[in-house]
Amino acid sequence: MDNYPALIVITPLLAALLAGIAAWTEERLSYPIALIGLAVSMFAAFKVLMQVITSGTINYRMAGWAPPMGIEYTIDLLNAMVLLIVASIAFFNLIASYKSVEQETSDRAGSFYAIYLLFVTGLLGVTATGDLFNLYVLIEITSLTSYTMVALGDRDRGPLASLNYIFIGVIGASFYLLGVGYLYLKTGSLNMVDVANILSGLHGSSTILVAFILCMLGIWIKMALFPMHVWLPNAYSYSPVAFARIVAPLMTKVMVYVMIRLMITVFGLDYIFETLNLSEAVVWLATFAIIAGAVMALAQKNLKKMLAYIIVCEIGYMVGGAWMGNQLGMTGAILHILNDALMTFALFLAVGSMVYKLKRVDFIDLKGLFGKMPWTMAGFVLAAFSIIGVPPTCGFFSKWYLILGAFEAGAYHFAAALVISSLICAVLFFKVFEICFFEPMPEGHGHEDSSSHVAIEEAPLSMLIVSGLVSISLVVAGLYSGTIVNTIILPFLQ
Amino acid sequence: MTDLLTLIVAKYNYWLYVILMMIGLYAMIAKNNLIKKLVGMNIFQTAIILFYVSIGYKRDATIPIIQNAHGGNDTHAAVIHAVDYINPLPHVLMLTAIVVSVATFGVAMALAVRVYQRYQTLEEDELRMRLVDIGPEK
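Note that the structure is a prediction, hence the values are computed from the model and not measured.

1. A word on the overall build of chain B
Part 1 of the argument: The number of helices and strands found in chain B is five helices and zero strands.
Part 2 of the argument: When the helices and strands of chain B are placed in sequence order, the string is α-α-α-α-α.
Part 3 of the argument: Considering chain B as a whole, with its 138 residues, one finds that 19% of them fall into the buried category.
Part 4 of the argument: Put simply, of all contacts in chain B between residues at least 6 apart along the chain, 53% involve residues at least 24 apart.

2. Notes on the interface of chain B and chain A
By a widely used convention, the size of an interface equals the accessible area lost when the partners come together.
Part 1 of the argument: Taken together, the 28 residues of chain B in the interface contact 23 residues of chain A.
Part 2 of the argument: Secondary-structure elements contributing two or more residues to the side of chain B that touches chain A are helix H3 (34–55), helix H4 (89–119) and helix H5 (124–134) of chain B.
Part 3 of the argument: Tallying contributions element by element places H4(B) first for the side of chain B that touches chain A, with 13 residues.
Part 4 of the argument: A per-class count over the side of chain B that touches chain A returns 20 nonpolar, three polar and five charged.

3. Focus on the nonpolar core
Part 1 of the argument: Of all hydrophobic cores here, the largest spans 225 residues; its most connected members are A:Leu83, A:Val86, A:Ala87 and A:Ala346.
Part 2 of the argument: Apart from the residues within four sequence positions on either side, A:Ala346 is in contact with A:Gly379, A:Leu382, A:Ala383, A:Ser467, A:Val470, A:Ser471 and A:Leu474.

4. Observations concerning the environment of A:Asp270
All names here are of chain A.
Part 1 of the argument: Note that Asp 270 resides in helix H11 (residues 269–276).
Part 2 of the argument: With 11 C-beta atoms packed within 10 Å, Asp 270 lands in the exposed category.
Part 3 of the argument: Through-space distance from the C-alpha of Asp 270 to that of Ser 200 is 9.5 Å; in sequence the pair is 70 residues apart.

5. A closer look at unusual backbone geometry
All names here are of chain A.
Part 1 of the argument: Between Phe 226 and Pro 227 the backbone carries a cis peptide bond, its omega angle lying at 0 degrees.
Part 2 of the argument: Along the polypeptide, Pro 227 turns up in the loop between helix H8 (206–223) and helix H9 (231–238).
Part 3 of the argument: With an omega of 5 degrees, the peptide bond between Pro 391 and Pro 392 qualifies as cis.
Part 4 of the argument: Note on placement: Pro 392 falls in the loop between helix H16 (374–388) and helix H17 (394–409).
Part 5 of the argument: Phi at Asn 277 takes a positive value of approximately 60 degrees, unusual for a residue other than glycine.
Part 6 of the argument: Residue placement: Asn 277 occurs in the loop between H11 and helix H12 (279–298).
Part 7 of the argument: For Asn 277, a count of 10 C-beta atoms within 10 Å puts it in the exposed group.

6. Remarks on the confidence of the model for chain A
Close inspection of predicted coordinates is inappropriate in any region flagged by low pLDDT.
Part 1 of the argument: Of the residues in chain A, 97% have a pLDDT of 70 or more, and the chain-wide mean is 89.
Part 2 of the argument: Within the model, pLDDT remains below 50 along residues 445–452 of chain A, and this stretch shows seven contacts once partners closer than five positions in the same chain are excluded.

7. Here we look at the packing of helix H13 (residues 303–322) of chain A against helix H18 (residues 412–438) of chain A
Residue and element names in this part refer to chain A.
Part 1 of the argument: At their nearest, the axes of H13 and H18 sit 11 Å apart, and the two run at 160 degrees to each other. Taken together, the axes of H13 and H18 lie roughly antiparallel to each other. For the pair H13 and H18, the sense of crossing is left-handed. Between H13 and H18, the contacting residues are Leu 303, Met 306, Ile 310, Cys 313, Tyr 317 and Gly 320 on the first element and Phe 414, Leu 418, Ser 421, Cys 425, Leu 428 and Val 432 on the second.
Part 2 of the argument: Partitioned by chemical class, the residues of the contact of H13 with H18 number ten nonpolar, two polar and no charged.

Calculation rules
- Residues numbered from 1 in each chain as written.
- Chains lettered and ligands numbered in written order.
- Predicted model: local features only at pLDDT ≥ 70, side-chain atom pairs only at ≥ 80, totals over all residues.
- Helix = DSSP H or I, 4+ residues; strand = E, 2+ residues; numbered from the N terminus.
- Buried ≥ 20, exposed ≤ 12 C-beta atoms within 10 Å, placed from the backbone.
- Contact = placed C-beta atoms within 7 Å.
- Nonpolar A, V, L, I, M, F, W, Y, C, P; charged D, E, K, R; others polar.
- Core = buried A, V, L, I, M, F, W, Y, C linked by C-beta atoms within 7 Å.
- pLDDT = per-residue confidence, 0-100.
- Axes fitted to C-alpha atoms, helices over the stretch in contact; angles between N-to-C directions.
- Parallel < 35°, antiparallel > 145°, perpendicular 65-115°, else oblique.
- Left-handed = near helix turned anticlockwise from the far one by under 90°.

Shown next as structure tokens:
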């Protein structure tokens, strides 16, 4: 079928409408509708990836209008991969979410699923589109849905965190929009490939320079690159856990994808690294982001907040890798989009199970958790090892590429920051393990030997199965990272 | 000095948008009241919308509606020069951007109402104090 690219985006959109209607009339239908919509979308994404691997880039014209007039979906190896990541994480998270949603937002479950689907639609659209203005609109759909989601969470702090997120998010989106305006002023086109063709003759133009800086600033704000990260920790830790599990692995990664897409497809690596020569400054910025993220994570006393700052640190890895100016760094950055999405998803799945059972995840609440929730903790440990970068988990391989890239570019400070932040992550996670493993349960066990008498109280089976699958996929992605690099990333970069 | 003046006068519309944008940004950063911040946000977005609207303009051009395009009385006169019509595309784009900004503003207002219901204030410093009173976070 030729319409798979459109199907990826449109199915969740239609499902969102239906789930929204169902929320008013027959609320228990919302969940199956969402599940079916995302399953179809995931299947289509898989088909598209296979098609792109065998027969090359797909150019899908919306409603048959030819570019540059019409909106085109350009799907090459990079975004086919990201599409599959987004669609499958959204689907599996939905399976794990049923119980959390029932517990946290039971009165508004139908609307939750409708907004969830819209959010996924936005992310998939951002990934699939080949049009600069369309990209802006879809980024705003994604952001709007996440504003509402954050407000649905913590009743005391959620709305305020969400408002602050809106202020910063709007500035980011507006900068991007202004950048697109400058590009349009100079090229008269909005189609990415078309703009790139026209730009190749305009490298000296200061308008293009301004456009480039504005676009990058906007995207950096949206992806929470240090020092523009202030909104992220609050927004992620106060949102409902079912949403935190999807926004944490996907939102920032998709924005990194957008940055790489703008760099490679629209402005061109020659322009960025040879004409502008900005590489060094941005790699330094990424280095600061890594160190700052890791250090701020050390200061946290709440598991969700700590993970949020680790995300800030991971963004530094990807931005640094992409701006290294060589193929190894870019390979590392793209591989890290996949790996980091999986790792963060695995971590937040475990946190989701903990929140489901414990309600709060301050470090004090985690005492004795290994005895109480052994399977959840097993998944958590595996994901933590992956974040630290222990082989054979996937986190090791992308860090390896990033370090190789840093050495090739002579950016030793970046490599050092990467190693230091890995060590800090190790300290952080072992601190958590220690609390969970050695410290006794806080109450109700008297003087008895607590370790042998803790009743096992696991999370629901749906969460455990998804958590197990994702944890296994961390190792699988690690073992097959050579295949992924050779079939997807290297052919894309050539 | 005269160079600068001519530059400002020749492109006065763009300078106005820059000023508007800065006013909006200032309000978003410096104001203490959440509603004032929201107003700043709206000014900021409007400045960009105005910028787009004005890049579609051409001197001595008219609105892009082609007379007799569907074979009116005087079909021979319908030779079309793009120079005679302003560029409608940025305007159409801005219709979408206006929808986006209205949606954002709506969500933000709804959230402000929520914040007010919970804390009885919209001043940021007071909110910060209330948050401290609530105690350790979840």
